[in-house]
Amino acid sequence: MAPEPVNVNEFQELARQVLPKMYYDYYAGGAEDQNTLKENIEAFQRIWLRPRVLIDVSRIDMSTTILGYKISAPIMIAPTAYQQLAHPEGEVATARAAAACDTIMVLSFRSTCTVEEVSSSCDAVRFFQLYVYKRRDICAQLVQRAERNGFKAVVLTVDTPRIGRRESDTKNKMIQPKLKNFEGLISSEVDSQDGSKIEAFIKKNFDDSLSWEAIGWLRSITSLPILLKGILTREDARKAVEAGVAGIIVSNHGGRQLDYAPATISVLEEVVEAVGGRLPVLVDGGVRRGTDVFKALALGAQAVLVGRPVIYGLAAKGENGVRSVIDMLKNELEITMALSGCPTLKHITRNHVMTHHDNLNFSKL
Ligand SMILES: Cc1cc2nc3c(=O)[nH]c(=O)nc-3n(C[C@H](O)[C@H](O)[C@H](O)COP(=O)(O)O)c2cc1C
Ligand SMILES: CC(C)CC(=O)C(=O)O
């Protein structure tokens, strides 16, 4: 028997062993030459810590509040599509794990389990991610169903007017699973025989004319707070503030959309500075260690979201696998805080990390 994983990276290999190649490639892959995918991880590895000593760390409190909801640690579950391709229990298992770990799950608009199945399976705080279709009436129905079923926020993904070029999906002719949420609303059939069926579906149905006007429309159909996911520049961060959204998620979609989009951790501070405390800023992309969470917080994020590790945990061990992934990251964050002299999240400051830039400017610290 394979030894139990001791860190979240080790779940990736377990997932690779159990998943059909087509699905594993879909989950693991990025756009084109996958530079952004790699850089999301490597940019974290270039940031070093500045630990402080002789501080009482006998009690560590990792809890925080996101849009008023208290969670046990600043580690949330990113929206990822088609989770039943990873495990038969799909998003229901992930939601139960989120509840057990006392964190927030963001359910993908392209989930395989329904909004109702997920909401009746546990009492986790859940946010609902939205893609905007040309058929906005369908989106409105889904958002309203999510609101009725107790979802607490809408996460509007803004980096996918079109799908990035994921070449392994093209080669594998990636399938497009049927989604029960949309039964009777939209057909999942696509004409093309070749290439990725997901790509063909998106080409046909996603609204690539989406613009800032969509936020007004979204407000007209729901009273839920709106987070924008996929912001990478100070310019767009300022526009998000002006648009009056409730928060920003700095994200490059896990390197799956625009290759050569910057690593999220490398632009986090730019976005945080532009926002100037007016909105909470979250970040995702490449978070694989508690030290990564710590670095993101030191650079101004309120919390991180985790995508692929959750899928790998789910594929390898279902709900327990997702719990292990979140628990591992929490345990690693706890020890990082203890060894850096930070008993609470408020103690984590910009001075606890040095970036490449700081290395050249030590006198600033
Ligand atoms: C298999 C997969 C499916 C995804 N599906 C969605 C989705 O449906 N909606 C969305 O906004 N983001 C989606 N994402 C992006 C994630 O929410 C997140 O931004 C990204 O995975 C973070 O990077 P990480 O995987 O390195 O943690 C998906 C990512 C993966 C890997
Ligand atoms: C339907 C897809 C666009 C889901 C997604 O966001 C992804 O695969 O990255």
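- An unreviewed UniProt entry annotates the protein as (S)-2-hydroxy-acid oxidase of Trema orientale.
- The Cofactor (unreviewed entry) comment attached to the protein in UniProt states, word for word, "FMN".
- Taken directly from UniProt, the Subcellular location (unreviewed entry) text for the protein runs: "Peroxisome".

## Description of the overall build of the protein
Phase 1: Within the protein, the secondary structure is distributed over 14 helices and 12 strands.
Phase 2: Relative to the compact-globule value of 21 Å for 365 residues, the protein shows a C-alpha radius of gyration of 20 Å, a close match.
Phase 3: Expressed along its principal axes, the backbone C-alpha trace of the protein runs to roughly 65 × 55 × 40 Å.
Phase 4: Burial statistics for the protein: of 365 residues in total, 50% are counted as buried.
Phase 5: The long-range fraction of contacts in the protein, counting pairs at least 24 apart against all pairs at least 6 apart in sequence, stands at 71%.

## Here we look at the site of ligand 2
Phase 1: In the region of ligand 2, the neighbouring residues are A81, R110, T160, I163, I198, I202, H253 and R256.
Phase 2: A per-class count over the shell around ligand 2 returns four nonpolar, two polar and two charged.

## Here we look at the site of ligand 1
Phase 1: The local shell around ligand 1 holds 23 residues, among which A78, S108, G254, G307 and R308 are the closest.
Phase 2: Across the shell around ligand 1, the residue classes tally to seven nonpolar, 11 polar and five charged.

## A few points about the packing of helix 12 (residues 290-298) against helix 13 (residues 308-340)
Phase 1: Look at helix 12 against helix 13: their axes get within 7 Å of each other, and the N-to-C directions meet at 60°. Considering the angle they form, helix 12 stands oblique to helix 13. Crossing angle aside, the handedness with which helix 12 passes helix 13 is right-handed. Judged by residue contacts, G290, T291, V293 and F294 of helix 12 engage L329, N331, E332, L333, I335, T336, M337 and S340 from helix 13.
Phase 2: Class assignment of the residues belonging to the contact of helix 12 with helix 13 gives a composition of six nonpolar, five polar and one charged.

## A closer look at the packing of helix 10 (residues 234-243) against helix 11 (residues 264-275)
Phase 1: At their nearest, the axes of helix 10 and helix 11 sit 8 Å apart, and the two run at 35° to each other. Considering the relative orientation of helix 10 and helix 11, their crossing is right-handed. Across the interface between the two elements, R234, A237, R238 and V241 of helix 10 pack against E270, V271, E273, A274 and V275 of helix 11.
Phase 2: Tallied by class, residues from the contact of helix 10 with helix 11 come to five nonpolar, no polar and four charged.

## Here's the deal with the pairing of strand 6 (residues 126-130)
Phase 1: Within strand 6, five of the five residues are buried, which leaves the element mostly enclosed by the surrounding structure.
Phase 2: Here strand 6 shows two buried faces, one formed by R126, F128 and L130 and the other by F127 and Q129.
Phase 3: Across three bridges, strand 5 (residues 105-107) lies against strand 6 in parallel orientation. Its bridge partner lying in strand 6, V106 is registered against F127.

## As for helix 12
Phase 1: With nine of nine residues buried, helix 12 is to be regarded as a mostly interior element.
Phase 2: Buried residues of helix 12: G290, T291, D292, V293, F294, K295, A296, L297 and A298, and no others.
Phase 3: Just downstream of helix 12 lies G300, where phi reads positive at about 110°.

## Some points on the confidence of the model for the protein
Phase 1: Per-residue confidence for the protein averages 96 on the pLDDT scale, and 97% of its residues sit at or above 70.
Phase 2: Scored as a complex, the prediction yields pTM 0.97 and ipTM 0.99.

## Re the nonpolar core
Phase 1: Grouped together as the largest cluster of nonpolar side chains are 111 residues, with contacts concentrated most on I248, V271 and V304.
Phase 2: With 13 residues, helix 13 is the single largest residue contributor to this core.

## Regarding the environment of F294
Phase 1: Of note, F294 is situated in helix 12.
Phase 2: As for F294 and E242, which are separated by 52 residues in sequence, their C-alpha atoms are 29 Å apart.
Phase 3: Beyond its immediate chain neighbours, meaning those up to four positions away, F294 contacts L333, T336, M337, S340 and I348.

## Remarks on unusual backbone geometry
Phase 1: Even without being a glycine, L54 presents a positive backbone phi close to 55°.
Phase 2: Accessibility expressed as a C-beta count within 10 Å gives 6 for L54, which makes it exposed.
Phase 3: One non-glycine residue, D102, lies in positive phi territory at about 60°.
Phase 4: Mapped onto the fold, D102 is located in the loop between helix 4 (90-100) and strand 5.

## Here we look at the pairing of strand 7 (residues 154-157)
Phase 1: Residues of strand 7 alternate between two faces, with V154 and L156 on one and V155 and T157 on the opposite face, all of them buried.
Phase 2: One crossover worth recording links strand 6 to the parallel strand 7 by way of helix 6 (residues 136-148), and it is right-handed.
Phase 3: Across four bridges, the pairing between strand 7 and strand 8 (residues 226-231) is parallel. The residue of strand 8 that forms the bridge with T157 is K229.

## Quick word on the environment of G247
Phase 1: Note on placement: G247 falls in strand 9 (residues 247-250).
Phase 2: The sequence separation of G247 and I186 amounts to 61 residues, and the corresponding C-alpha distance is 30 Å.
Phase 3: Apart from residues lying up to four places away in sequence, G247 is in contact with L67, L227, L279, P280 and L282.

What counts as what
Residues numbered from 1 in each chain as written. Chains lettered and ligands numbered in written order. Predicted model: local features only at pLDDT ≥ 70, side-chain atom pairs only at ≥ 80, totals over all residues. UniProt positions renumbered as here; feature names shortened; annotations may be inferred. Helix = DSSP H or I, 4+ residues; strand = E, 2+ residues; numbered from the N terminus. Rg over C-alpha atoms; globule rule 2.2 N^0.38 Å. Buried ≥ 20, exposed ≤ 12 C-beta atoms within 10 Å, placed from the backbone. Contact = placed C-beta atoms within 7 Å. Near = placed C-beta within 6 Å. Nonpolar A, V, L, I, M, F, W, Y, C, P; charged D, E, K, R; others polar. Axes fitted to C-alpha atoms, helices over the stretch in contact; angles between N-to-C directions. Parallel < 35°, antiparallel > 145°, perpendicular 65-115°, else oblique. Left-handed = near helix turned anticlockwise from the far one by under 90°. Pairing = 2+ DSSP bridges. pLDDT = per-residue confidence, 0-100. Core = buried A, V, L, I, M, F, W, Y, C linked by C-beta atoms within 7 Å. Right-handed = clockwise from strand over helix to strand, strands pointing away.

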